[in-house]
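Notes for the structure review
In case you want the letters, here they are:
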Amino acid sequence: MASRAIRGRDAALHEGFLRHKGFRWLKVSALLCLIVTAGYFLADVKPRPNGGSWYGYTLGTIGVLLILWLTALGIRKRAMTRGRWSLKAWTSAHVYLGLSLIVIGTLHTGFQLGWNVHTLAWALMMLVILSGIWGVTVYATLPRALSSNREELTQTQMLEGLRAIDRQLHEAAQPLDAKAAGWVQKSLEQNPFDGGIFRRLSGKYRGCATAKALAKIRKVTADRPDLGDDPLEKVDSLLERKKAMLARVREHLRLKAMLEIWLFVHVPLTFALIAALTAHIVSVFFFW
C-alpha cells in the first residue's frame, strides 16, 4: 500500500501542465467554446451576429478580458506557489483558455474580415496563439532530447571538458612541425560558438577549425604505418575527442535556443496584439 501511495504521489508531482487535474482547463475551455457557439446560433441578432451586435460586444468583452488575464502569466511566472492557483494550474489555464480564443475571437468578428484595424487585432491574436502552440510543442518534446544529449553532464561540465582537451592538445602539439602545429593552434584559438543565433539554431559550423585540423592531419597520416609513437596520432585522437565534445555542446546550445527562441516571437506579438486591441476598441467607441 505504501509503495502504491508513493507511486501515486510521484505521478502527481510529475504531472505535466497539459494534464493538470485531469485536463480540468481543457474541459472548462471546451465548455466555454460550446456555450459561446450555441449563443452565436441562438442569439436573436438581425441579419446575423457580428462584432457590432450586442452578442458581438459580449464576445468581444470576454475575449479582451481573457487576453489581458493570459498576458499576466509573464508576471505570474515570477512567483512559484502550490495549490489551486499554482504556476502549473495557471499555465494549464493559459494554454487551454488561449486556444478557446480561436472560437471566441472568430465568432466575435461574425466572420466579417477585411483590411482594417479590427481584422488586424484578430490576425495578431491568431499569430499569438499559433506561436503559443509552437512553444507548447517545443516544451513537450525538446527537454527529453536535451537530457539525452548531455546524458549526466551539466553545461559547465561539458565546457570544462573542452578546456581540459585543449590543454592536452596544447601539450601534444609541441613535438609537431610548424605546419601541423599551426593547424592545432587554429583549433585552440577559434571560438567554437561563433556565428550568432542562426548558426546556433542550425547546428552547422562549416568553418570549424577543429574539424579542418583533424581532416588535414588524417590526410598526412593516411599513408603512414601505425607504429604507435607518431605524435600526430595522439593529436588525431585528441582532436577526435574535441570534435565529439563540440558536437555535444553545440547540440545542447541548439536545443536550448529552440526552447527560448519562440518567446522572442510570442511576447512581441502579444504586445502588438494589445496595441491593436486598444486601437480596435477606441475606434469602435469613437465611431459608435
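Everything below is about the structure printed above this text.
Criteria and cut-off values
- Residues numbered from 1 in each chain as written.
- Predicted model: local features only at pLDDT ≥ 70, side-chain atom pairs only at ≥ 80, totals over all residues.
- Heavy atoms only, no water.
- Helix = DSSP H or I, 4+ residues; strand = E, 2+ residues; numbered from the N terminus.
- Buried < 20%, exposed > 50% of the residue type's maximum accessible area, 1.4 Å probe, protein only.
- Polar contact = N/O pair within 3.5 Å; in protein donor to acceptor, adjacent residues only side chain to side chain.
- Expected span 1.5 Å × (residues − 1).
- Arc of directions from axis to C-beta.
- Contact = heavy atoms within 4.5 Å.
- Core = buried A, V, L, I, M, F, W, Y, C linked by side-chain atoms within 4.5 Å.
- Patch = residues over 30% accessible without salt bridge, like charges linked within 9 Å, V, L, I, M, F, W, Y side chains within 5 Å.
- Areas by Shrake-Rupley, 256 points an atom, 1.4 Å probe, with all protein chains shown as cover.
- Salt bridge = Lys/Arg side-chain N within 4 Å of Asp/Glu carboxyl O.
- Axes fitted to C-alpha atoms, helices over the stretch in contact; angles between N-to-C directions.
- Parallel < 35°, antiparallel > 145°, perpendicular 65-115°, else oblique.
- Left-handed = near helix turned anticlockwise from the far one by under 90°.

Tracing the backbone through its elements, the reader meets Ser-53 in the loop between helix 2 (20-42) and helix 3 (54-71). On the basis of relative accessible area, Ser-53 is assigned to the buried category, the value being 8%. A distance of 3.0 Å separates the side chain of Ser-53 from the backbone nitrogen of Gly-56, its partner in a polar contact.

The end-to-end C-alpha distance of helix 8 (residues 178-189) is 16 Å, a good match for the 16 Å that 12 residues give at a rise of 1.5 Å each. Those residues of helix 8 that sit buried are Ala-180, Trp-183, Val-184 and Ser-187. Around the axis of helix 8, the buried residues are gathered within 90° of arc, so they sit on the same side. Exposed residues lying more than 90 degrees from the buried face of helix 8 are Ala-178, Lys-179, Lys-186 and Glu-189. If you follow the buried residues of helix 8, they end up packed against helix 7 (155-172), helix 10 (209-221) and helix 11 (231-261). For helix 8, the N-terminal capping position is held by Asp-177, with its side-chain oxygen 3.1 Å away from the main-chain nitrogen of Lys-179.

Moving on to the nonpolar core. Within the largest apolar cluster, 27 residues are counted, with the highest numbers of intra-cluster contacts made by Tyr-55, Leu-101 and Leu-273. Elements supplying a minimum of two residues to this core: helix 2, helix 3, helix 5 (87-109), helix 6 (117-150) and helix 12 (263-286). A per-element tally of this core places helix 5 first, with seven residues. Not counting chain neighbours up to four residues away, the residues in contact with Leu-101 comprise Gly-63, Leu-66, Ile-67, Leu-70, Thr-106, Met-125 and Ile-129. Among the nonpolar cores identified, the runner-up in size contains 14 residues, and Ala-180, Trp-183, Ala-213 and Leu-238 belong to it.

Right, let's get into a nonpolar patch on the surface. A cluster of nonpolar side chains, Leu-99, Leu-127, Leu-130 and Ile-133, forms an exposed patch at the surface whose accessible area comes to about 330 Å². Sorting elements by how many residues they give to the nonpolar patch places helix 6 first, with three residues. With respect to the element layout, Leu-99 can be found in helix 5.

Here we take up helix 12. The terminal C-alpha atoms of helix 12 lie 34 Å apart, and with 24 residues this matches the ideal 34 Å at 1.5 Å per residue to within 8%. Buried within helix 12 are the following residues: His-266, Leu-269, Thr-270, Leu-273, Ala-276, Leu-277, His-280 and Ser-283. On the buried face of helix 12, the contacting elements are helix 3, helix 5 and helix 6.

As a packed pair, helix 3 and helix 5 sit with axes 9 Å apart at the nearest point and diverge in direction by 155°. Considering their axes alone, helix 3 and helix 5 lie roughly antiparallel with respect to each other. When the axes of helix 3 and helix 5 are compared, the crossing they make is left-handed. For the pair helix 3 and helix 5, contact is made by Gly-56, Leu-59, Gly-60, Ile-62, Gly-63, Leu-66, Ile-67, Trp-69 and Leu-70 and by Trp-90, Ala-93, His-94, Leu-97, Gly-98, Ser-100, Leu-101, Ile-104, Leu-107 and His-108, respectively.

Let us now look at the pattern of salt bridges. In this structure the tally under the stated criterion is six salt bridges. Here Glu-160 makes a salt bridge to Arg-163, at a shortest N to O gap of 3.3 Å. In this pair, Glu-160 and Arg-163 both sit in helix 7, three residues apart, roughly one turn of the helix. Classification of Arg-163 by relative accessible area gives partly exposed; the value is 43%. Here Asp-236 and Arg-218 are joined by a salt bridge, their closest N and O atoms 2.9 Å apart. Residue Asp-236 is found in helix 11, and its partner Arg-218 is found in helix 10; the two are separated by 18 residues along the sequence. For Asp-236, a relative accessible area of 11% corresponds to the buried category. A single salt-bridge network, built from bridges that share partners, covers Glu-160, Arg-163 and Arg-167.

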